[in-house]
Amino acid sequence: MPALKRKSAPKTKKTFKAPRSSQSSVRSPSPPPPPEPPQCEDVETDDNVFITIMNDCDITLQKNGNTCATATAAAQQKLNKKFARKDESFLEAFVQHVETYTDDNEAFVSLLLPTTVELPPECFSQADSQLQDSIIKLLLQCEKVQPSLIEMLLKKMPLYSENETLQFKNNPLLAGNGQGGIVNIPRLILNQMRWINYFVKPNEVAKQLLETSSVMNAQITCDIISFLPDVLMNLGDHSSLAKDLCEMLNTGSGDIAHAVFDAVANMSVSDETAEEIQELALSYLSTAEPEQIFHATKFLLDTCTSVEVGKRVIMALRPHLDYPELLQSFDSEDANIKLMTKRLSNSVFASMNSKPHIFQAWMAVIDLLTKDQWLPGDLIASIQLCNVLNVQQRKLASAQLVLKFKNALISKSCLTRCFQETAHILEDHHKCICKISQTLLWNNDQRLKIVASKVYILLLLHLDEGQRRDVLAVILEHIGSVTSARPLEVDSALKVLFRVARERPEYLENYFGSLCEMTEHLNCMTLQQVRLCLAVLSIMSTQVQHSNNNKNTEDVSCQVEDRLSSFTSSKVNIEVIWTAARFISNALNCDDEDELMTQVSTRLKTLNFHFRSDPNLWSLLFQEICVAAIGNEGYAKLSTSTIKQMKKLANDKFTNMISREPSTTQHPAQLDMTARFEVGSSSVRTICFSRSNPSHADNNILVSLCRFVRSVACLETSAEKSVVGFKWLFDHPLLLHDERYEEQECFNELKKIEACAVLDNLFAAINWYRELVSVFSWQRKDGTAGGSGGDDEELSRDVMRHLSRVCLLQSRVMRLLHKSPFYYTPAALDDSNHYPTGQKCSVIKSQVKVAGVDDDDDFSCVGLTSTTTSKKSQASGKPVRKPAGGKKVKESSPSYGFYAYNEQTCLVELSLDVSGLLRKPLQFGEENSADHLHLKELHLLLSDVANKMTHVQKRAKSTPFFGSRGVDVSKAFIKLDQVKTDDFYMRLIDLTPNLCTHIDAIVSKLSSDPQQREDDEHEDPYAASQFSTTSRKDLLNNEVVVRCYQYICDIFVKITAWIEANDNEGTVFLKFSEAVSQHQKDATQTNAVRNLFSYVERLLQHLSSTAIASSVVKLLCNILRIIEKLKGGEKRSRFRKIICKGCDTILQKDWSMTDTGPASSAMLASVFSVMLETSIDPLETVEQSLKIILCGIIKGDELNPFRSEEEEELVVYPCATKQNFNLVHMRCLEELVKESVKIPTAKSVSSRANDVIDLLLRWSESVKVFDLLIKVLKVISNKNMLGPTFKLSQAFIDNFMKKGINICEMMFKSSQEDVIRVLKCLQASTRQLQHLTCHSKVTKDAALTARVPTLKRSLETFVFRVKALLTLHNCHQAFWLGNLKNRNLRGEELVSQAAPSSDENVSGDDDDDVLDHSQSLSF
């Protein structure tokens, strides 16, 4: 192992030199002789070797301070000269005399102290001093006597181990040291040795020092150990000495650990010894004191010389860097323990920052940690890695930490503990942590957003005031980005502030002014963001008031209210939310129940003054109270007494609003009113009529009262634990216009304003009953109302009765819309409360005829209607104009009113709990039963679920929720947006057994009652003259049965698509499979997945429409993909064959009797795509399918590529025609390109000849199919085929040049004929593509012409690659340039002024294979 570290030897002190004259021949006058030494009694006059030599060197020895007549440098030179001529006996005698002289402590100290130089002042330079080197220091610089003298000095050091300090008052050098003449002799000896420039025997000196240290006290021992690296001077291997030092860790005092680690770190040891020392240091950590852990950790990190060594050391060091455990393992009363742990973490961070290999080692160790191995110290280390100086390293560490959070490897407890117990360590990195949190918050992964919110909360709760200010500034910056494209960033930031304000409002009290600035962004916030923002301000205003001892209580509230809008019709939501938030905050901060009731009463009186009888304001207020204090995401829980008081007030307000007396003012278009559906007095007012015209529905009141119903039901449930007490609303009669206005003859005679009033009233009634069904379905489970009592059973019957009324009213509206002479569109309902869209619902803006399901009152089924082509009408509402000049009006295919996704904006949203009604069994017939679903209710519920799934899919893809007319459809699914995607799909999976039961019932119904209809019966199903009442009824019922069948299949398709995208472990798919198997009584297999596939496979035998056929094969394909994904990509041949066979059977069926051409084309595209995707050999399937289709639609054509096989008995695909062949052609090209991408390159396979031949055969088959698809363009070339052909052909040729041409080069010598055959086949295709480019220019098609340059570039590249291939193998004679004439797609020559261009042809050796020159490529 190389040297761990080496300290440089101390520099030699500068010596004094007398200045020389400028002329060397003239000597300067000698200095005057030194004065005679004073004859004091302390002057040494002993005639021994030591004193004699000292005198010869002009040194006078005295106990109170030695003197020298010359500079010590000159004396040093004299000493060296004298010792150089002496033998060993003399040197030994000299050292003995020195030792004898030092027996006297005063004389010994005098030798260790500086020597006084007695020279005239003019002989001293400014840099020289009168006090110079001591006698011992001069002697130690003499190599002859150095070893013996060091040995003598080290022998004397233990004599002072017990009494290190002595006092010498008579020595003038010590008199002014400020310590009263006290000196530490052992340290004085070491200081003399530190000035040695070179040790003659460093190893012996080091051993002597180590032996001496064993008998000295801890402080001197540390000084000796620290001096060892300077003695050794990093020469040679010191492994033995390093081991001896490490043994002192276990035997010596703990105070010497830092000296040992520092000394060993600066010694040269072998690799084996270094590893042993590191193991000793790691074992020492388990019993070390806090201060020593720092030195051991620093030593371990400093001695890591490579990434591998660092990984090994860090992995062993990790448990000792678990700072929370480290804090708990020591005495908690120790005030310095936090300072020590912070110093330890700073040491680790310094090693990361300064040593790249340590950074890489930490990164590698953290990357290997599993979830169970993560410790708080690892998280702190990871955060420190993200805060290093190197930008590139910082990015790598941040990406690693984000990935760890994304994979959920860092537990919530680890994160929380890290901040709670070691915030003093993280406070230096709080800005880095904020940047990491920003990165997490900007990520699209919801899990990372939750982690970011958690980190921000912990920062605010556990950091000091200064750091908290910086964190709060970052959070407010997130809120200020509300106008950016990341709205979830604002949601998370507001939730952080809300959480901190609720738990520790005093932490944010000093920043209340900054928090109030959030109101500047209210105009851009969503409803949820406004609620959170105002809730934070409300909590903080209450906290500030209590902190000020209720002084100026209104000033804080006014500070917020001044920033809010006033009570206006367009911005009322902000004020209402603030009012509810203030009400709840005051209620939560009041401990006295009586005082609370008094405050509530006072507040309600104030609200009565402001709100009066406005249903919109009161409904918004009660809704906000329910959301804040009762809902799932409520931030405050009110007491039961407060909720009951609010419930009583809400009931009173609601009852007063629906019981108002009718206006006495008569409107010119007022309709006769009557009570409908329930027995009751007609004088009781209903829910939705305006004051100006008591017979015309007002959508604003409707929305408000529907909101009122939800709020009252929520308060009732919270107070009474049941909604049965609110059941009286079910028995309330519906005041509506007289039924005679809904008769066909009467409705046609109504004026426009009266007809609109009738339709508006019906829409209002529908929405009112939909709201009641949603409200009273909250507690429904398994088809019951949540219990077995009589009230619950009665509630269940009421829900089903009202659901039937919804279907009946919707059918009646559709019949009236179909017969109405006016264009009409219902007003969209806006209950989103999205600021600033608090404006009330719009009235009828335009009249556009809508189409959908209609039904006569006598029918219990849901019918169909056709949608005629409509024009946007003028506001006058004139009757529809007939087309002029016998121009026909094109009729579109039947549509389903009230059921399409874009039509939900005019309807009240059904809650997700309503879908629980699908658990009821299906009943065909006219008998009414509360325990069964009828066909119309099933159709309504399934369409609602399908629309909800569409919305969830759009929400997941962040798709704008806009319909075809620019309507924001997202406002129709406000309740659904509060449900998580995973919860939504899991609830649908719970309904899977019931949906399968409905499928079985539908299949049984369709099998027992097949449709018997002719072609002309499909043109107008509403022509009453052609059908009897019973026939029409059966016809419509069958249509709805088929539609329900399709809905269920589509629901299963979307469920499996979600499972495929989100279920990586297969648990959800297994649950779905078990749910399907649950209802199968005849399931023969124990495997739930096989039962699922078998069940869906049986549906292939019962396909009633093309849409159902498409859905079933898509469902099978999704199941297959999930199975193969869970099996690691292994292909399931048996399942694939079943699906392909089913697709082939569907394509062979004639659907012209049941569906229109567009529907058949859509089915062809989807089923054919599934057949290619699930085929074992896609290219063979493409070729076989083309043969079947082309022989059916262009039979007898000379250009048919399969003309020779027309006489064979082939199956027929009736749904494939020339008009929709482009769908098949494009899908074949896409599959061909996909297969060409899958072909590996020659480098990726082994060098065996068979493997390369296999690749050539695969390319040969691909080129053959490509040539076939291009030849088809000569016969069928509609416009929709040419664009995809340009794009996909270029992709195929590019893939061939990347992979195929290399294989041709490798196989040219051994398989020349095969290669030539492939190239000639592809050359023929490229000629046709050249003709296609000419065709695009002739037709002047801009879309096609734009693709020509890139395609021709690929064709030219292909030509040059072929030329290079032939030239490489000396076959350039088989290649020549030719002129190509302009031809159309069928190969006929065109007269053109375009200049011909060059082309190359490929031929074999036989002249018969040579192509005509006139067929060369042209550009």
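Just so we're clear, the structure is a prediction, and the values are computed from it rather than from any experiment.

## Details of the overall build of the protein chain
Logical step 1: A count of helices and strands for the protein chain gives 54 helices and ten strands.
Logical step 2: Counting only residues that meet the buried cut, the protein chain has 53% of its 1419 residues in that class.
Logical step 3: Considering only contacts in the protein chain between residues 6 or more positions apart, those separated by 24 or more positions represent 73%.

## So, helix H33 (residues 640-658)
Logical step 1: With 19 residues, H33 should reach 27 Å at 1.5 Å per residue; the first-to-last C-alpha distance of 27 Å fits that figure.
Logical step 2: Inspection of H33 places Thr642, Ile643, Met646, Lys647, Leu649, Ala650, Asn651, Lys653, Phe654, Met657 and Ile658 among the buried residues, and these make up the whole buried set.

## With respect to the pattern of salt bridges
Logical step 1: What the rule picks out here adds up to 43 salt bridges.
Logical step 2: Here the salt bridges do not stand alone but share partners, grouping Arg1227, Glu1230, Glu1231 and Lys1234 into one network.

## Considering the nonpolar core
Logical step 1: Judged by nonpolar contacts, the single largest core of 233 residues is most densely connected at Phe654, Trp768, Ile1055, Phe1221 and Phe1296.
Logical step 2: Of all the elements, helix H36 (residues 752-775) adds the most residues to this core, at 15 residues.
Logical step 3: Ile1055 has contacts with Met949, Tyr985, Leu988, Ile989 and Phe1072, leaving out every residue within four places of it along the chain.

## Looking at the side chain of His737
Logical step 1: By the secondary structure assignment, His737 is in strand E8 (residues 734-737).
Logical step 2: Reaching out from His737, the side chain makes a polar contact with the side chain of Glu742 at a distance of 2.9 Å.
Logical step 3: One polar contact links His737 to Asn761, side chain to side chain, over a distance of 3.2 Å.
Logical step 4: If near-sequence neighbours (up to four positions away) are discounted, His737 is found in contact with Leu671, Asp672, Met673, Thr674, Arg676, Glu742, Val758, Asn761 and Leu762.

## Considerations on the sheet that holds strand E4 (residues 131-132)
Logical step 1: Read from one edge of the open sheet, four strands run E1-E2-E3-E4, paired in mixed fashion. Looking at strand neighbours, the two that pair on one side only are strand E1 (59-60) and E4, the edges of this open sheet.
Logical step 2: Strand direction decides the pairing type here: strand E3 (residues 115-117) and E4, joined by two bridges, are antiparallel. Bridge assignment links Thr115 to a residue of E4, and that residue is Gln132.

## Observations regarding the packing of helix H8 (residues 185-194) against helix H10 (residues 218-232)
Logical step 1: The interhelical angle for the contact between H8 and H10, taken along N-to-C directions, is 10 degrees, at an axis separation of 11 Å. It follows from the interaxial angle that H8 and H10 lie roughly parallel. The residues of H10 that touch H8, namely those facing Pro186, Arg187, Leu190, Met193 and Arg194, are Gln219, Ile220, Asp223, Ile224, Phe227 and Asp230.
Logical step 2: Tallied by class, the residues present in the contact of H8 with H10 amount to six nonpolar, one polar and four charged.

## Quick notes on the packing of aromatic side chains
Logical step 1: Across all of its chains, the model carries 18 aromatic pairs by this definition.
Logical step 2: Ring geometry for Phe50 versus Tyr101: centroids 5.3 Å apart, planes at 55 degrees, classification tilted. One end of the pair, Phe50, is in helix H1 (residues 49-56); the other, Tyr101, is in helix H3 (residues 88-101), with 51 residues separating them in the sequence.
Logical step 3: Classification of Phe50 by relative accessible area gives buried; the value is 0%.
Logical step 4: Tyr101 gets classed as buried once you look at its relative accessible area, which sits at 8%.
Logical step 5: Considering the side-chain rings of Phe199 and Phe227, the 6.1 Å spacing of their centres and the 65 degrees angle between planes classify their relative orientation as edge-to-face. Residue Phe199 is located in the loop between H8 and helix H9 (202-213), and its partner Phe227 is located in helix H10; the two are separated by 28 residues in the primary sequence.
Logical step 6: For Phe227, a relative accessible area of 2% translates into the label buried.
Logical step 7: Connected via pairs of aromatic rings, a cluster forms that spans Trp1259, Phe1266, Phe1292, Phe1296 and Phe1358.

## Quick look at helix H45 (residues 1106-1126)
Logical step 1: Relative to the 30 Å expected for 21 residues at 1.5 Å per residue, H45 spans 30 Å between its end C-alpha atoms, a close match to the ideal helical length.
Logical step 2: Burial analysis of H45 places 16 of its 21 residues in the buried class, the great majority of the element.
Logical step 3: Among the residues trailing H45, Gly1128 stands out with phi positive, at a value near 80 degrees.

## Remarks on the environment of Asp977
Logical step 1: Relative to the helices and strands, Asp977 is located in helix H39 (residues 974-977).
Logical step 2: By relative accessible area, which is 37% here, Asp977 ends up partly exposed.
Logical step 3: Along the sequence, Asp977 and Lys948 sit 29 residues apart, while their C-alpha atoms lie 9.8 Å from each other.
Logical step 4: Apart from residues lying up to four places away in sequence, Asp977 is in contact with His951, Arg955 and Ser970.

## Comments concerning the environment of Ser1166
Logical step 1: Its location among the elements puts Ser1166 in helix H47 (residues 1157-1174).
Logical step 2: For Ser1166, a relative accessible area of 12% translates into the label buried.
Logical step 3: Taking the C-alpha atoms as reference points, Ser1166 and Val1224, separated by 58 residues in sequence, lie 9.9 Å from one another.
Logical step 4: Dropping the residues within four chain positions of it, Ser1166 is found in contact with Ser1110 and Lys1114.
Logical step 5: Here the side chain of Ser1166 touches Met1163 through a polar contact of 3.1 Å, landing on its backbone oxygen.

## Details of the confidence of the model for the protein chain
Logical step 1: On average, residues of the protein chain score 76 in pLDDT, and 76% of them are at 70 or above.
Logical step 2: Low pLDDT, under 50, characterises residues 959-966; the predicted model gives this stretch 17 contacts beyond four residues in sequence or across chains.
Logical step 3: Scored below 50 in pLDDT, residues 1393-1419 makes 82 contacts in the model with residues more than four places away or belonging to other chains.

## A short note on the environment of Val1053
Logical step 1: As for its placement among the helices and strands, Val1053 is situated in helix H42 (residues 1029-1062).
Logical step 2: Placed 66 residues apart in sequence, Val1053 and Ile1119 show a C-alpha to C-alpha distance of 9.0 Å.
Logical step 3: Once you skip the residues sitting within four places of it in the chain, Val1053 turns out to touch Ser1111, Lys1114, Leu1115 and Asn1118.

## A closer look at the packing of helix H32 (residues 615-629) against H33
Logical step 1: Interaxial distance between H32 and H33 falls to 11 Å at its minimum, and their mutual angle equals 155 degrees. The angle between H32 and H33 places the two elements in the roughly antiparallel class. Along this stretch, H32 crosses H33, giving a crossing that reads as left-handed. Side by side, H32 and H33 meet where Pro615, Trp618, Phe622 and Ile625 of the first sit next to Met646, Leu649, Ala650, Lys653 and Met657 of the second.
Logical step 2: By residue class, the composition of the contact of H32 with H33 is eight nonpolar, no polar and one charged.

## A short note on unusual backbone geometry
Logical step 1: Despite not being glycine, Asp58 has its phi angle at roughly 65 degrees, a positive value.
Logical step 2: Among the structural elements, Asp58 can be located in the loop between H1 and E1.
Logical step 3: One non-glycine residue with positive phi stands out, namely Ala408, at about 60 degrees.
Logical step 4: Note on placement: Ala408 falls in the loop between helix H20 (391-406) and helix H21 (412-421).

The rules behind the values
Residues numbered from 1 in each chain as written. Predicted model: local features only at pLDDT ≥ 70, side-chain atom pairs only at ≥ 80, totals over all residues. Heavy atoms only, no water. Helix = DSSP H or I, 4+ residues; strand = E, 2+ residues; numbered from the N terminus. Buried < 20%, exposed > 50% of the residue type's maximum accessible area, 1.4 Å probe, protein only. Contact = heavy atoms within 4.5 Å. Expected span 1.5 Å × (residues − 1). Salt bridge = Lys/Arg side-chain N within 4 Å of Asp/Glu carboxyl O. Core = buried A, V, L, I, M, F, W, Y, C linked by side-chain atoms within 4.5 Å. Polar contact = N/O pair within 3.5 Å; in protein donor to acceptor, adjacent residues only side chain to side chain. Pairing = 2+ DSSP bridges. Axes fitted to C-alpha atoms, helices over the stretch in contact; angles between N-to-C directions. Parallel < 35°, antiparallel > 145°, perpendicular 65-115°, else oblique. Nonpolar A, V, L, I, M, F, W, Y, C, P; charged D, E, K, R; others polar. Phe/Tyr/Trp six-rings, centres within 6.5 Å; stacked < 30°, edge-to-face > 60°. pLDDT = per-residue confidence, 0-100. Left-handed = near helix turned anticlockwise from the far one by under 90°.

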